[in-house]
Amino acid sequence: MPRQKRSSLVSKQKANKRWCSEHYKKSLNDVRSQVKSAYQSNSAITYIDVTFDGTWLNRGHSSQIGVNCVIDLLIGFVMDFEIMSKRCIECEHAKSDLGENSAEFHVWYEGHISSCAINHVESSCAMEKEAALKLWQRSEDNVYGPWCINHVSKRLGTSLRKAVKEWWTRGVSLGGKSRGSLKEETIKKLSRYYQNAIRSNKSDVEAMKTAIYATLFHSISTDQKPKHFKCPTGKDSWCFFQAALARGEVPGPHVKHVKTPLKETHLAKIMPIYQRLASNELLQRCTRCVTQNTNESLHSIIWGKCSKETSATLRRVIIAVCEFNFGTKNH
């Protein structure tokens, strides 16, 4: 590469870095000031309700680029983001133009290394976790709040599947195809019931907890041992047993009405999972019943700006974030 062209490239990189740094700081500082004002907090630490989610350039676990964002829930602004990258397009171009082993490339790289896009060398799966750590560590003046109930409900399914595998290694079968087994269909339904229990009792932790345990005990109930004491009462109850009692009728057979049957012997083995996921501490962070639908909208804007060819450069992500925040201000 001619010296003049190489000098022009370096100057362009420096100008781009300077623009990114200045625009990044200004735009996010403006947003954070507005968010803090919205929360009307005069204290040094502001408790802000947010969602956090990551998005990848490619599906699966092989993506080289990931963008992770924190969005305020009150007015919907992107408050911070982190790009995790296992590749740098500038490095790739320089290697191609100068030759990876050339003296010119090494001289160029010395001036480039401080702004190199590569900041992640572990697996793509670990990008979101590492980004979350970085974002939370630099949230010195903001303490983020509740969790996405979609993600929390997935924990139940993951934990139940893990329990099936762990007990299998001990010679105990929780899964299988027989009635009362923790088959995949049952796990999915229990996860959905868990989410509905939280969603239908927004802001009431004790009601959430009662509803969660109601779905569990309802599932292990039989004609001989009905356990519907936590199920909602009344003619409109989702519990066939309680609804029948409210109408003065004899409840029908459990084998017909319980759609997620569980063997009573499974209760002791999965109860610790429910106790953990129905703890006051966890449910307290679900009282807003938030989801990450806003994050999904942001993801589409980001990848609209950052194609597979251009990649997720800081400049393009900043433009996408500013466009998202600008749209939010006008709604």
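Please read all numbers here as calculations on a predicted model, not as lab measurements.

Caption draft 1: Representation of the pairing of strand β2 (residues 50–56). Summarising burial for β2: six of the seven residues are buried, a large majority. With seven bridges connecting them, β2 and strand β3 (residues 65–72) associate as antiparallel partners. In the strand pairing of β3, Val50 is matched with Asp72.

Caption draft 2: Structural detail: the nonpolar core. By size, the foremost hydrophobic cluster in this structure holds 29 residues, and its most contacted members are Leu182 and Leu283. Among the secondary structure elements, those contributing two or more residues to this core are α5 (149–169), α6 (184–199), α7 (205–220), α10 (267–277) and α11 (280–284). By residue number, the principal contributor to this core is α7, which donates eight residues. Among the nonpolar cores identified, the runner-up in size contains 15 residues, and Ile83, Val317, Ile318 and Ala320 belong to it.

Caption draft 3: The arrangement of the pairing of β3 in detail. Counting buried positions over the eight residues of β3 gives eight, a clear majority of the element. Residues of β3 alternate between two faces, with Ile65, Val67, Cys69 and Ile71 on one and Gly66, Asn68, Val70 and Asp72 on the opposite face, all of them buried. Between β3 and strand β4 (residues 78–85), which follow one another and run antiparallel, lie five residues, and Gly76 among them has a positive phi close to 80 degrees.

Caption draft 4: Focus on helix α3 (residues 103–112). Of the positions making up α3, those classed as buried are Phe105, Trp108 and His112. One side of α3 carries all its buried residues, which in axial view fall inside an arc of 65 degrees. Of the exposed residues in α3, those oriented more than 90 degrees away from the buried face are Ala103, Val107, Glu110 and Gly111.

Caption draft 5: Structural detail: the packing of α7 against α10. At their nearest, the axes of α7 and α10 sit 11 Å apart, and the two run at 165 degrees to each other. Here α7 is positioned roughly antiparallel relative to α10, judged by the angle of their axes. Taken as a pair, α7 and α10 cross one another with a handedness that is right-handed. Across the interface between the two elements, Ile212, Tyr213, Leu216, Phe217 and Ile220 from α7 touch Leu267, Ile270, Met271, Tyr274, Gln275 and Leu277 from α10. Class assignment of the residues belonging to the contact of α7 with α10 gives a composition of ten nonpolar, one polar and no charged.

Analysis parameters
Residues numbered from 1 in each chain as written. Predicted model: local features only at pLDDT ≥ 70, side-chain atom pairs only at ≥ 80, totals over all residues. Heavy atoms only, no water. Buried < 20%, exposed > 50% of the residue type's maximum accessible area, 1.4 Å probe, protein only. Helix = DSSP H or I, 4+ residues; strand = E, 2+ residues; numbered from the N terminus. Pairing = 2+ DSSP bridges. Core = buried A, V, L, I, M, F, W, Y, C linked by side-chain atoms within 4.5 Å. Arc of directions from axis to C-beta. Axes fitted to C-alpha atoms, helices over the stretch in contact; angles between N-to-C directions. Parallel < 35°, antiparallel > 145°, perpendicular 65-115°, else oblique. Left-handed = near helix turned anticlockwise from the far one by under 90°. Contact = heavy atoms within 4.5 Å. Nonpolar A, V, L, I, M, F, W, Y, C, P; charged D, E, K, R; others polar.

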